[in-house]
Amino acid sequence: MKDGENLHLLIVEESRNDSESLANVLRNAGHNISFNHGTESVEIETVLQEQHPDIVLCGSGEALPSPENVQTLLGKHGVTAPVIVIADDAPEADMVAVKKSGIAAMISYDQPDHLYLTFNREAHAIQLQRKLLDLNNSLRESENRCHALIENSSDAVAYVHEGMHVYANRPYMDLFSIDSPADVEGTPILDMISADQRE
């Protein structure tokens, strides 16, 4: 993630100290993170009502909700954050099984480098999603400004794409005696030119 950009985690572990230990591994790797801790389903629900996490780290202690139950809670609250399961052991068959269930990854507690690499991958994906959202917002704002300029212009202006009208302002429609924007949208530009003037 870029400098100063914060990631918010939900860490499902048996104690807050365990959650803090996992968070410190990631902080020491250079990530700027904050986290909420949950042990029981009720606690997790409360956390999700207050703030949606970017990434979920889910321990596998016997007293903890299963990763599948955590996924169900996330879905209930409309959270699409990736879930990383951390277990005592992470045999290949189990890693494949959790991936098939929609979980981002399964790693073992004794492989901090694996946690670091997996977290980096998910953090990078989130960074790309945020950049895409910013670009989409910028594009929408530019389109709105462009639309306002055309709409408020006293000149006849139309936006034409690949020979077809997309939008036209009122002076343009008045010029061609068009009553409604729906009548011009999708109309070929050639239809506005008389046959004897097309060459």
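Refer to the preceding data block for the structure.
Because the structure is predicted, anything quoted here is derived from the model rather than measured.

**Q** Any details on the environment of Gly30? Residues and values, ideally.
**A** Mapped onto the fold, Gly30 is located in the loop between α1 (16-28) and β2 (33-38). Judged by its relative accessible area of 63%, Gly30 is exposed. Along the chain, Gly30 and Met95 lie 65 residues apart, while their C-alpha atoms are 26 Å from each other.

**Q** Please give an account of the packing of aromatic side chains that cites residues and values.
**A** Evaluated as defined, the whole model comprises one aromatic pair. For the pair Tyr172 and Phe176, a centre-to-centre distance of 5.0 Å together with 50 degrees between the ring planes defines the contact as tilted.

**Q** Requested: an account of the environment of Val12, with residues and values cited.
**A** Tracing the backbone shows Val12 in strand β1 (residues 7-12). Apart from the residues within four sequence positions on either side, Val12 is in contact with Gly38, Ile44, Leu57, Cys58, Gly59, Leu64, Pro65 and Val70.

**Q** I'd like a rundown of the sheet that holds strand β4 (residues 83-87), residues and numbers included.
**A** In spatial order, the strands read β2-β1-β3-β4-β5; together these five strands make up an open sheet with parallel pairing. What marks the edges here is a single partner per strand, and that holds for β2 and β5 (105-108). With strand direction ignored, the average angle separating the axes of adjacent strands in the sheet is 25 degrees. Where β1 meets β2, six bridges bridge the pair, whose relative direction is parallel. Directly across from His8, in β2, lies its bridge partner Ser34. Relative to β5, helix α5 (residues 112-152) is tilted by about 150 degrees, and along the sheet it contacts β1, β2, β3 (55-58), β4 and β5.

**Q** An account of the pairing of strand β7 (residues 164-168) is requested, with residue identities and associated values reported.
**A** Relative to β7, strand β6 (residues 158-161) runs antiparallel, the two sharing four bridges. What sits directly across from Val160, in β7, is His165. Where β6 hands over to β7, the hairpin turn is made up of two residues, of which Glu162 adopts a positive phi near 50 degrees.

Cut-off values and rules
Residues numbered from 1 in each chain as written. Predicted model: local features only at pLDDT ≥ 70, side-chain atom pairs only at ≥ 80, totals over all residues. Heavy atoms only, no water. Helix = DSSP H or I, 4+ residues; strand = E, 2+ residues; numbered from the N terminus. Buried < 20%, exposed > 50% of the residue type's maximum accessible area, 1.4 Å probe, protein only. Phe/Tyr/Trp six-rings, centres within 6.5 Å; stacked < 30°, edge-to-face > 60°. Contact = heavy atoms within 4.5 Å. Pairing = 2+ DSSP bridges. Axes fitted to C-alpha atoms, helices over the stretch in contact; angles between N-to-C directions.

By themselves, these are just geometric observations and shouldn't be taken as functional.
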